Amino acid sequence: MEIRLDLSRHCIQTAACLKLEHLVRQCLKEPDQATEEMIETLTDFLAQNDFGELRRRIDLARQSLGDDPASLVLLDLPAGMLKPFSHLALGPDSVTCRINS
């Protein structure tokens, strides 16, 4: 499962909250298993992480992105820092969180 968060105007924590709200509204209109799993995953993500440290690491990684809008940086984070996600790929205006299944 992958969840993309828009970081063009917000930090990762706010972007995750906004994405969660969007998914809940979507699920209320048209329930489906995939959306429900994303809601559960984002809820866990918001409850289990140190967002101050995560924001700091994202800010540091952004410095290495440069000006290329297509560039991506895979963040090398300590085990357990991204619960329940296993990978985080940072782009200039977004982050993609992934769970290996």
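Residues numbered from 1 in each chain as written. Predicted model: local features only at pLDDT ≥ 70, side-chain atom pairs only at ≥ 80, totals over all residues. Heavy atoms only, no water.

Extensive coverage of strand S4 (residues 94-98) is indicated by the burial of four of its five residues. The pairing of strand S1 (residues 2-6) with S4 spans five bridges and is classified as antiparallel. The partner of Leu-5 across the bridge, within S4, is Val-95. Here strand S3 (residues 87-90) runs beside S4; their pairing, made up of four bridges, is antiparallel. (Buried < 20%, exposed > 50% of the residue type's maximum accessible area, 1.4 Å probe, protein only. Helix = DSSP H or I, 4+ residues; strand = E, 2+ residues; numbered from the N terminus. Pairing = 2+ DSSP bridges.)

This brings us to the sheet that holds strand S2 (residues 73-74). Across the sheet, four strands lie side by side as S1-S4-S3-S2; this open sheet has antiparallel pairing. Lying at the two open borders of the sheet, with one neighbouring strand each, are S1 and S2.

Here helix H2 (residues 33-48) contains 16 residues, and its C-alpha end-to-end distance of 23 Å stays within 8% of the 22 Å for a straight helix at 1.5 Å per residue. Within the span of H2, buried status applies to Thr-35, Met-38, Ile-39, Thr-41, Leu-42, Phe-45 and Leu-46. Packing partners of the buried residues in H2 comprise S1, helix H1 (12-29) and helix H3 (51-62). The backbone nitrogen of Ala-34 lies 3.1 Å from a side-chain oxygen of the residue at the head of H2, namely Asp-32. (Expected span 1.5 Å × (residues − 1). Contact = heavy atoms within 4.5 Å. Polar contact = N/O pair within 3.5 Å; in protein donor to acceptor, adjacent residues only side chain to side chain.)

With that settled, the discussion passes to the pattern of salt bridges. Taken as a whole, this structure holds three salt bridges when the rule is applied. Between Glu-2 and Arg-98 there is a salt bridge, with the nearest N and O atoms lying 2.1 Å from each other. Here the residue Glu-2 occupies a position in strand S1, and Arg-98 occupies one in strand S4, the gap between them amounting to 96 residues. For Arg-56, the salt bridge goes to Glu-53, with nearest N and O atoms at 2.7 Å. With a gap of three residues between them, Arg-56 and Glu-53 both fall in helix H3, about one helical turn apart. Owing to a relative accessible area of 22%, Glu-53 belongs among the partly exposed residues under this scheme. (Salt bridge = Lys/Arg side-chain N within 4 Å of Asp/Glu carboxyl O.)

Before going further, it helps to examine H3. Helix length check: H3 (twelve residues) gives 16 Å between terminal C-alpha atoms against 16 Å at 1.5 Å per residue, within 8%. When we look at burial in H3, the residues that qualify are Phe-51, Leu-54, Ile-58 and Ala-61. Taken down its axis, H3 places every buried residue within 85° of arc, on the same side. The backbone nitrogen of Gly-52 lies 3.3 Å from a side-chain oxygen of the residue at the head of H3, namely Asp-50. (Arc of directions from axis to C-beta.)

Of the residues in the protein chain, 94% have a pLDDT of 70 or more, and the chain-wide mean is 89. Within the protein chain, H1 carries the highest mean pLDDT (96), whereas S2 carries the lowest (84). (pLDDT = per-residue confidence, 0-100.)

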